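In case you want the letters, here they are:
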Amino acid sequence: MKKAKPYFEQRRERRSFLRAGVAVAATGTLAGCDSLSHNETAVNVLRSAEALTESVHRVLGRRAMAQEFSPSQIAPVFRANGTTSPIGQSYAAMVADGFKDWTLTVDGLVDKPLELTMAELQAMPTRTQITRHDCVEGWSCIGQWKGVRLSHLLNMATLKPEAKFVVFRCLDQMDEKNEDTMYYESVDLDDAFHEQTILAWELNGKPLPVANGAPLRARIERQLGYKQPKYLHHIEVVSDFSDIAGGKGGFWEDHGYNWYGGI
Ligand SMILES: Nc1nc2c(c(=O)[nH]1)N[C@H]1C(S)=C(S)[C@@H](COP(=O)(O)O)O[C@H]1N2
Ligand SMILES: [Mo]
């Protein structure tokens, strides 16, 4: 009998087919959560465009802001995707006690490592933004996020000169049979210090739901959906990620996605 593939492998196959749909979302005027239809020619044109995106972003600079929307454009329900309820006792226990003992660690190539409670994070200067999330599976969704800028934490921790990337470590295990499949992601310092890169504890004016990454998730608004890590507990500053997990800088990158998911 043929062994069933882990669900993330099945999803990867579907995603590589659909990923070009995101560019359609980026040029359309979608409000709320919409599925996208695909047109063969457009998909091929956009595939080649995608290859150029990283170099174009490098030349033009990476400070440009992602579009922000008005409150009336917020989707009634923000769609959830990927992990929507992390497996395992330790996360369940955190949910049960309202994340009372959860902390966020910031360490690696920093002068002053941090360990922050939610109360400490929430006492920091906040940013609120209404943005559109674009998933490579072919849907987009507009939501309002509130949190602290990642730059604020990185400045507090003070990066060492060798620092090049920020790695986000999450609490959810992707393959229930393999403990080495925790979701993780990474971005370079351009994205880490971007004005709209925040660590959010609120979605649409309410505490971040479990399905969307409670208690804390990153919003890196110039990047695609898979570069928006949920269920954060640890941020590590590194010079190189080749010795982390599969070495490609993220869970989906280790399964074939581009490391650069800029939009
Ligand atoms: N920890 C974690 N972060 C994750 C994922 C995941 O499975 N686990 N899925 C990613 C993908 S592919 C998308 S589209 C978004 C979905 O975020 P949402 O559930 O808030 O819509 O989270 C991203 N971040
Ligand atoms: Mo996604």
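Structural data are supplied above this passage.
Residues numbered from 1 in each chain as written. Chains lettered and ligands numbered in written order. Predicted model: local features only at pLDDT ≥ 70, side-chain atom pairs only at ≥ 80, totals over all residues. Heavy atoms only, no water.

A word on helix α6 (residues 150-157)
Point 1. Among the residues of α6, Leu150, Ser151, Leu153, Leu154 and Ala157 are the ones counted as buried. The arc enclosing the buried residues of α6, seen along the axis, measures out at 160°, which places them on a common side.
Point 2. With its phi angle positive at about 65°, Thr158 sits one or two positions after the end of α6. (Buried < 20%, exposed > 50% of the residue type's maximum accessible area, 1.4 Å probe, protein only. Helix = DSSP H or I, 4+ residues; strand = E, 2+ residues; numbered from the N terminus. Arc of directions from axis to C-beta.)

Overview of the packing of aromatic side chains
Two measures describe an aromatic ring pair: the distance that separates the ring centres and the angle between the ring planes.
Point 1. Taken as a whole, this structure holds 10 aromatic pairs when the rule is applied.
Point 2. On the numbers, 4.6 Å between centres and 85° between planes, the contact of Tyr226 with Tyr257 is edge-to-face. Taken together, the positions of Tyr226 in the loop between β10 (217-220) and β11 (232-238) and Tyr257 in the segment after β11 put the pair 31 residues apart, joining distant regions of the chain. For the pair Tyr226 and Tyr257, a shared accessibility class is recorded, and that class is buried.
Point 3. In this structure an aromatic cluster arises from ring pairing among Tyr183, Tyr226, Phe251, Trp252 and Tyr257. (Phe/Tyr/Trp six-rings, centres within 6.5 Å; stacked < 30°, edge-to-face > 60°.)

Observations concerning the pairing of strand β3 (residues 114-117)
Along any regular strand the residues' side chains alternate between the sheet's two faces.
Point 1. Taking every second residue as pointing to the same face, the buried face of β3 carries Leu114 and Leu116, while none of Glu115 and Thr117 on the other face is buried.
Point 2. Relative to β3, strand β2 (residues 103-108) runs antiparallel, the two sharing 4 bridges. Residue pairing for β3: Thr103 is matched across the bridge by Thr117.
Point 3. Here β2 folds back onto β3, and the loop between the two strands holds 5 residues. (Pairing = 2+ DSSP bridges.)

Focus on empty space enclosed by the protein
Point 1. Applying the stated criterion across every chain, the model contains 2 cavities of 30 Å³ or more.
Point 2. Around the largest cavity, the lining is made up of 25 residues, and of these Asn81, Gly82, Tyr183, Gly225 and Lys230 lie nearest the centre.
Point 3. Every element with two or more residues in the lining of the largest cavity is listed here: α1 (7-18), β4 (126-135) and β6 (165-175).
Point 4. The residue makeup of the lining of the largest cavity, split by class, is 12 nonpolar, 7 polar and 6 charged.
Point 5. Of the voids in this model, the second largest cavity is the one considered here, and its volume is about 30 Å³.
Point 6. As for the second largest cavity, its lining consists of Arg62, Ser186, Val187, Asp188, Asp191, Gln223, Lys227, Trp259 and Tyr260. (1 Å grid on protein atoms, 1.4 Å probe; cavity = no way out; pocket = protein on both sides within 12 Å on 5 of 7 lines; lining within 4 Å. Points joined across faces, edges and corners; volume = space filled by probe spheres on them. Nonpolar A, V, L, I, M, F, W, Y, C, P; charged D, E, K, R; others polar.)

A short note on the site of ligand 1
Point 1. Surrounding ligand 1, one finds 23 residues, the nearest of these being Arg79, Asn81, Thr83, Asp172 and Lys230.
Point 2. One of the backbone nitrogen or oxygen atoms of Thr83 is found 2.9 Å away from an oxygen atom of ligand 1.
Point 3. A distance of 2.6 Å separates an oxygen atom of ligand 1 from a polar atom in the side chain of Lys230.
Point 4. Its atoms largely coinciding with the cavity grid, ligand 1 occupies the largest cavity. (Near = heavy atom within 4 Å. Polar contact = N/O pair within 3.5 Å; in protein donor to acceptor, adjacent residues only side chain to side chain. Sits in = over half its atoms within 2 Å of the grid points.)

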